[in-house]
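Summary of structural features
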Amino acid sequence: MQVKLPSEKRLEDKYLYLGIILIGANLRAPITGLGPVLADIQRDLGLDGSAAGLLNALPLLIFALLSLVAPTLACRYGLERILGSSLLAILIGTILRSLPITGAIWGGTIVLSAGIAFANVLLPGLVKRDFPHQAASLISLYAATMAAMAGISAGLAAPISQLSGMNWRWALGIWAVLSGLAFIVWMPQLHATQHHFGVMSKDDKRFISPWRHPIGWQVSLFFAFHSLIFYSLVDWFASYAASRGIAPSAAGLMLLGYQLVAVTTNLGSAPLIRRAHNQVGLGVGCGCLMLIGTSGLLFMPSWSLLWLISAGLGAGIAMVTSLSLFGLRTHDHHQAAALSGMAQFVGYAGAATGPLLMGFLHDATGKWTASFWLLIVISGLVSVFAALSGRCRLIE
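About the thresholds
- Residues numbered from 1 in each chain as written.
- Predicted model: local features only at pLDDT ≥ 70, side-chain atom pairs only at ≥ 80, totals over all residues.
- Heavy atoms only, no water.
- Helix = DSSP H or I, 4+ residues; strand = E, 2+ residues; numbered from the N terminus.
- Rg over C-alpha atoms; globule rule 2.2 N^0.38 Å.
- Buried < 20%, exposed > 50% of the residue type's maximum accessible area, 1.4 Å probe, protein only.
- Contact = heavy atoms within 4.5 Å.
- Areas by Shrake-Rupley, 256 points an atom, 1.4 Å probe, with all protein chains shown as cover.
- Lys, Arg positive; Asp, Glu negative; His and termini not counted.
- Charge placed at Lys NZ, Arg CZ, Asp CG, Glu CD.
- Core = buried A, V, L, I, M, F, W, Y, C linked by side-chain atoms within 4.5 Å.
- Polar contact = N/O pair within 3.5 Å; in protein donor to acceptor, adjacent residues only side chain to side chain.
- Expected span 1.5 Å × (residues − 1).
- Bend = angle between axes of the 7 residues up to and from the residue.
- Axes fitted to C-alpha atoms, helices over the stretch in contact; angles between N-to-C directions.
- Parallel < 35°, antiparallel > 145°, perpendicular 65-115°, else oblique.
- Left-handed = near helix turned anticlockwise from the far one by under 90°.
- Nonpolar A, V, L, I, M, F, W, Y, C, P; charged D, E, K, R; others polar.
- pLDDT = per-residue confidence, 0-100.
- Disulfide = S-S within 2.5 Å.

**Comments concerning the overall build of the chain**
- Each helix and strand counted, the chain has 16 helices and zero strands in total.
- Taking 396 residues into account, the globule formula puts the C-alpha radius of gyration at 21 Å, and the chain, at 20 Å, falls close to it.
- Projected onto its principal axes, the C-alpha coordinates of the chain cover approximately 65 × 45 × 35 Å.
- Counting every position in the chain, which comprises 396 residues, the buried fraction comes to 58%.
- Considering only contacts in the chain between residues 6 or more positions apart, those separated by 24 or more positions represent 84%.
- Of the roughly 15800 Å² of accessible surface on the chain, 69% is carried by carbon and sulfur atoms.
- Between the mean site of the 23 positive side-chain charges and the mean site of the 14 negative ones, the chain shows a separation of 5 Å.

Right, dumping it as structure tokens:
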């Protein structure tokens, strides 16, 4: 058997590291660009508020449905192959969604969301397996990249759509360049030795299904509630801002600021997570910041940028903390993958109700008041379940 030199191993690790970062960059950008141009899409395709809410919620529903399947496919076909296939699905779906073909926006959204769903679940397990001593740092880095590209996508969508000769299709389709680059960088992993998520023996007393343990539900509900707020604001803030007389381009820039704040917080959270005895304080803090942000948007919308900054700080802490909990509350990458699958199934199923309910409540009342009261209540629940899941314990 050929033995690899240390220099070759380090080079392979660098390519894998870069590939992980680029996968992270593709996990939100194709989705967050939708909100700022949603009004154009509704007008062009004749969608009412409920249909627009469904279009916003569709990726989250797919994330939830496929989260339970991802570990099984990785076990059967190899982790690297499934992640490569995920990137290819994101690329194809992004292109399809932007084509002027009847139903393409729905079909493309389904395909790209399926690709994101598998990568969402499998990436934390891969990090825990291949970079166990750098897991918190790498998770915070790819989460920061994810948030940065999501913010850029939200911030540039409206300006791109308003350029001469362009429209909302260009604003959404341009992100195929990023997924294409990520797939090219990941291609060497497709030809490398495939690693499979194994199934731990039932005789191994350390392995307890997160579905049968309170920690599994606490982590999952924390993930669900902070994701609900994040996607609701990304999807509907531009429409809410328009009702308050804020220009679409200004609303897009505010969303960009929201994401950039989240990026900074993503990077700053990792050292705190590593040094802290538990994550209770971080969890309560992120919930309070979201509570301030959602309350401010309802009662003082003229200060929307300030409230989005507060919510962005909370979102950044919540995302890195919840992703880190998949490893911190489990014994190894097998159990981490199981918790990741469960949390993202429960989390995205719950989060999908946010855009749907906001659209429904707005259509039913003609106002945004009830929609934002929903977010205020959910912000309080973020603190509760973040504190519970932040206690220093393992699923055992």
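**Concerning the nonpolar core**
- Counting residues in each nonpolar core, the largest one holds 106 residues, and the members touching the most others are I20, I41, L83, F237, Y258 and F372.
- It is helix 11 (residues 214–243) that provides the largest number of residues to this core, a total of 16 residues.
- Residues contacting I41, with those up to four places away along its chain left out, are L34, G46, L47, L55, I105, W168 and L172.

**Looking at the environment of D235**
- Mapped onto the elements of the fold, D235 is located in helix 11.
- Note on D235: relative accessible area 1%, which makes it buried.
- Sequence separation of D235 and N56 is 179 residues, and the distance between their C-alpha atoms is 6.4 Å.

**Side note on the side chain of S86**
- With respect to the helices, strands and loops of the structure, S86 is situated in helix 6 (residues 79–97).
- Looking at S86, the relative accessible area reads 3%, which means it is buried.
- Looking at S86, its side chain comes within polar contact range of the main-chain oxygen of G115, at 3.4 Å.
- If near-sequence neighbours (up to four positions away) are discounted, S86 is found in contact with G115, F118 and A119.

**Comments concerning helix 10 (residues 176–191)**
- Between the first and last C-alpha of helix 10 there are 23 Å, a value that for 16 residues agrees with the 22 Å anticipated at 1.5 Å per step.
- The largest bend in helix 10 amounts to roughly 35° and is located at V185, with the proline P188 lying one to four residues further along.
- Among all positions of helix 10, only A176, L178, S179, G180, A182, F183, V185, W186 and Q189 are buried.

**Concerning the packing of helix 13 (residues 280–299) against helix 14 (residues 304–328)**
- The geometry of helix 13 relative to helix 14 is characterised by a closest axis approach of 7 Å and an angle of 155° between their N-to-C directions. Judged by the angle between their axes, helix 13 and helix 14 are roughly antiparallel. Between helix 13 and helix 14 lies a crossing of left-handed hand. Between helix 13, through L282, C286, L289, M290, I292, G293, G296 and L297, and helix 14, the contact on the second element is made entirely by S304, W307, L308, S310, A311, L313, G314, A315, I317, A318 and T321.
- Its residues assigned to classes, the contact of helix 13 with helix 14 comprises 13 nonpolar, six polar and no charged.

**Structural notes on helix 16 (residues 369–389)**
- Taking 1.5 Å of rise per residue, 21 residues should cover 30 Å, and helix 16 covers 31 Å from first to last C-alpha, within 8% of that figure.
- Regarding helix 16, the residues found buried are S371, F372, L375, I376, I378, S379, V382, S383, F385, A386, A387 and S389.

**Quick notes on the confidence of the model for the chain**
- When pLDDT is averaged along the chain, the result is 84, and 92% of the positions lie at 70 or above.
- For the chain, the element scoring lowest by mean pLDDT is helix 1 (residues 6–25), at 75; helix 6 scores highest, at 94.
- For the stretch residues 199–203, pLDDT sits under 50, and the model shows five contacts to residues farther than four places along the chain or on other chains.

**Things to note about the state of the cysteines**
- Under the defined criterion, the tally for this structure stands at zero disulfides.
- You can see C288 has no disulfide; the closest cysteine sulfur is in C286, sitting 8.5 Å from it.
- Taking relative accessible area as the criterion, C288 reaches 38% and is therefore assigned partly exposed.

**Some thoughts on the side chain of S98**
- Mapped onto the secondary structure, S98 falls in the loop between helix 6 and helix 7 (104–130).
- Taking relative accessible area as the criterion, S98 reaches 13% and is therefore assigned buried.
- Reaching out from S98, the side chain makes a polar contact with the backbone oxygen of I95 at a distance of 2.9 Å.
- Apart from the residues lying within four places of it in its own chain, the contact partners of S98 are R169 and G173.

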